[in-house]
Each structure stands twice: as structure tokens, then as C-alpha cells.
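Reading the structure
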Amino acid sequence: MQVKTYELSNANGMNVTVTNVGCGIISLKVPDKNGTPRDVVLGLDKAEDYLGKHYYFGVIVGRVGNRIGYGRFALDGKEYRLAKNDGGHHLHGGIEGFDKKIWTVEEADAGKIVFSYVSPDGEENYPGQLTVRCTYTLTDCNTLRIDYLAETPTQTICNLTNHSYFNLEGFDAKDIYGHVMQINADKLTAVDEGLIPTGEYYAVEGTPFDFNAPKAIGCDIEAAAAVNDTGGYDHCYVLNGQEAAVVYVPESGIKMTVTTDMPGMQFYSGNFINGSVTGKGITYQKHSGFCLETQLYPDTVNQPGFPSCVVTKDKPFKTFTSFRFCVN
Ligand code: BGC
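This text gives an overview of the structure that appears in the document. (Residues numbered from 1 in each chain as written. Predicted model: local features only at pLDDT ≥ 70, side-chain atom pairs only at ≥ 80, totals over all residues. Heavy atoms only, no water.)

One open sheet holds the five strands; their spatial order is E18-E17-E20-E23-E26, and the pairing between them is antiparallel. The sheet is open, and its two edges are formed by strand E18 (197-203) and strand E26 (291-295), each paired on a single side. Strand after strand, the sheet turns through a mean of 30° between neighbouring axes, direction not considered. (Pairing = 2+ DSSP bridges. Helix = DSSP H or I, 4+ residues; strand = E, 2+ residues; numbered from the N terminus. Axes fitted to C-alpha atoms, helices over the stretch in contact; angles between N-to-C directions.)

What follows covers the packing of aromatic side chains. If you walk through the whole model with that rule in mind, you get 21 aromatic pairs. Ring centres 5.7 Å apart and planes at 75° place the aromatic pair phenylalanine 115 and tyrosine 136 in the edge-to-face group. Of the two residues, phenylalanine 115 is situated in strand E11 (residues 112-119) and tyrosine 136 in strand E12 (residues 130-138); the sequence distance between them amounts to 21 residues. The pair formed by phenylalanine 115 and tyrosine 136 is uniform in burial state, with each residue classed as buried. Ring geometry for tyrosine 201 versus phenylalanine 306: centroids 5.8 Å apart, planes at 40°, classification tilted. Pair noted here: tyrosine 201 is in strand E18 and phenylalanine 306 is in the loop between E26 and strand E27 (310-312), with a separation of 105 residues, a long-range link. A residue is classified by how much of its surface remains accessible, and tyrosine 201, at 35% relative accessible area, is partly exposed. (Phe/Tyr/Trp six-rings, centres within 6.5 Å; stacked < 30°, edge-to-face > 60°. Buried < 20%, exposed > 50% of the residue type's maximum accessible area, 1.4 Å probe, protein only.)

Our next topic: the site of the ligand. The environment of the ligand is formed by Tyr55, Tyr56, Arg67, His92, His163, Tyr165, Leu195, Asp234, Gln266, Tyr268, Phe272 and Glu293. A distance of 2.9 Å separates an oxygen atom of the ligand from a polar side-chain atom of histidine 92. In the model, an oxygen atom of the ligand is placed 2.7 Å from a nitrogen or oxygen of the glutamate 293 side chain. The protein chains hide 94% of the 310 Å² of surface that the ligand would expose on its own. Within the shell around the ligand, the residues separate by chemical class into six nonpolar, three polar and three charged. (Near = heavy atom within 4 Å. Polar contact = N/O pair within 3.5 Å; in protein donor to acceptor, adjacent residues only side chain to side chain. Areas by Shrake-Rupley, 256 points an atom, 1.4 Å probe, with all protein chains shown as cover. Nonpolar A, V, L, I, M, F, W, Y, C, P; charged D, E, K, R; others polar.)

With that out of the way, let us pick up the sheet that holds strand E2 (residues 15-19). Pairing within the open sheet is antiparallel, and its four strands lie in the order E1-E2-E3-E4. The two strands at the open ends of the sheet, each matched to only one other strand, are strand E1 (5-9) and strand E4 (37-39). Across this sheet, the average inter-strand angle for adjacent strands is 20°, counted without regard to direction. Looking at chain direction, E2 and strand E3 (residues 25-31) are connected through four bridges and run antiparallel. Looking at E3, one finds that valine 18 is bridged to isoleucine 25.

With that settled, consider helix H1 (residues 221-228). Here H1 has its buried residues at Ile221, Ala224, Ala225 and Asn228. On an axial view of H1, the arc spanned by its buried residues comes to 100°, and they lie on one face. Pointing more than 90 degrees away from the buried face of H1 are the exposed residues Glu222 and Ala226. On its buried side, H1 packs onto strand E17 (185-191) and strand E20 (234-239). Once H1 ends, the next one or two residues include aspartate 229, with phi positive near 60°. (Arc of directions from axis to C-beta. Contact = heavy atoms within 4.5 Å.)

Dropping the structure here:
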């Protein structure tokens, strides 16, 4: 199948470029406080580059995004072993996850694009066929909405999210420290040193992880990094409601509101970006973008107390996330 790019645009000067490789968002242009468009996502030069090695820039990760501890899980009493592509653990769907697939474009116009992909039974050792549909809609209210639908004729597991790295000053800005973040969550999933949930929750109040009141990302990032050696924020927040996060940066005046029906959101501050990937004329560095990955909790398949990622014939994976942009 051919690798291609597509454009979405609206009446208010927003413009989004996407590719059928991993449903990758290559650029996302939003008018800033002066009405000048700024590209607010880190991205690569061209669609083909998304087939190569990078940090999951802008793509859909799956079949199960985030980590599965020790690459192991059981479903219906049968044990499955997955690739350990993140130290001893499984990350973002394995060696060749959904981010590296060339998706079919079912329909495309200026306001909407529908991607689909059929993941065969046994792909990356996951059981059951999974048919996935991912729709990006750009509205005139400057909202980019992502709708996910994944269906199986049998039984499997699924946890899809988009892995865009944002920088609301522009993809070419130095870092994310000046972004003022608010996350609607009182706790996060406590993790061990391999970033695998222990099954317990960690109350954020009074810690560097508390974003209930708006706070600059740079304010406590070093203190957060010291807690479990992640190099910054890399944690799944347990959301209090559908309005998951609001991020604003005074320099451009751009504000982004994230809304979802998912119970969790991984706030990842781009800690492992290390100057080895170049795109759009920029060599990306540590903390040059942040991800807000709405999702079920990490390793949820191995945690009976967490919301279930099991998908059956009668229970598809169906969820949405939207990113709304305005200027302050
Ligand atoms: C994870 C990070 C990981 C990164 C890979 C994020 O979703 O939380 O731990 O390193 O993806 O780009």
C-alpha cells in the first residue's frame, strides 16, 4: 500500500497534516495570539520517515499502548507472551505496533479522515483478530477529535491512544518548561522502577505531580524526575472527569483543552528524546515536547482492580479524545 499524506483544514485557520503510516499527525497548525499559524506538534519531514525509528511522534499506538509488565498476560486461562521491547517489558504494541502499519483510508475530506486497519489473529502474539477504525475530525470550533473503534469476532485486549508531542510555542521551541498545565486528577497509578503499576494509587496532593491548580511544567520537573528516575513526568493520571487537562503557554497565547471518556492519561514530558531524531529542520531534545496520552491504565490486563482492556464480540473498544485550541 502507498504511503501518503492528507490535509485537514477549517474556516478558522487550523490545518492538520496526517499520514496513513500509523495515522501519524505530522503537523498541526493553530493561530497564535497574533493570528499567525504555529505548528504545535513535533514531527518528521515526510510520511515515509514514520516507518523508521523515532519516538512514536504523532502516531496511534496499539494494539495495547503503554506497558504490559514482563510482556505477559493471561486471557481465559491461557498465557500469552509478547515482545519485551522496553527493557524487560512490552511497550506500545511490540516490535511492529500499529504505529508502523500503513492504514487504509476509508474516506477523507477537509474536515475528516477515517483510517482502518485489520490486525490479524496472532499479530505480535496477541490473540484474536482486531479491526480498528480511527477517525480524525477537525471542526470549525478548532477542535481535533479522535474517535477510536476496535472490534473483534472473538476476544482480545486493546488500549489505543495517540502519541502526539505538543509544544504550544511551536515544534521548534527549545523546551516545554513555560507551559502552564492543569490536570484534573487527584491520583496516579503508582509504579515500580520499570514504570509498571504496583496496583496501588499515589495521591498527588502536595507532591511535584499535583497539577490540580495550574502550574508551569518546569516548576517541579526536576523534583518529579528524582522520585523514580524517569527524567521528568511519565505517569498515568487517574482522571476525575472528562475534562482531562488544560495547557496554556503565554508566549504564543495558545491554550489546549483535552477532553476524553477514558479513565486515565499518561503525562509524558519527552524524557527519553535525546537528539537522535531530526524532523522539520529541528533536532529534537529532551523535554522539547509533551504527550497527553488518554488511555486505560498501564498494565491494566494484569491488574484486576483496574478498568478492563478486554474486548469481546459484544464489547468493542470505543472511545474518543478531543484537543480544543483557543487563544488567551
Ligand atoms: C511512555 C514512555 C516511553 C515513550 C516512548 C510514552 O508513552 O510513557 O515511557 O518512553 O512513550 O516514546
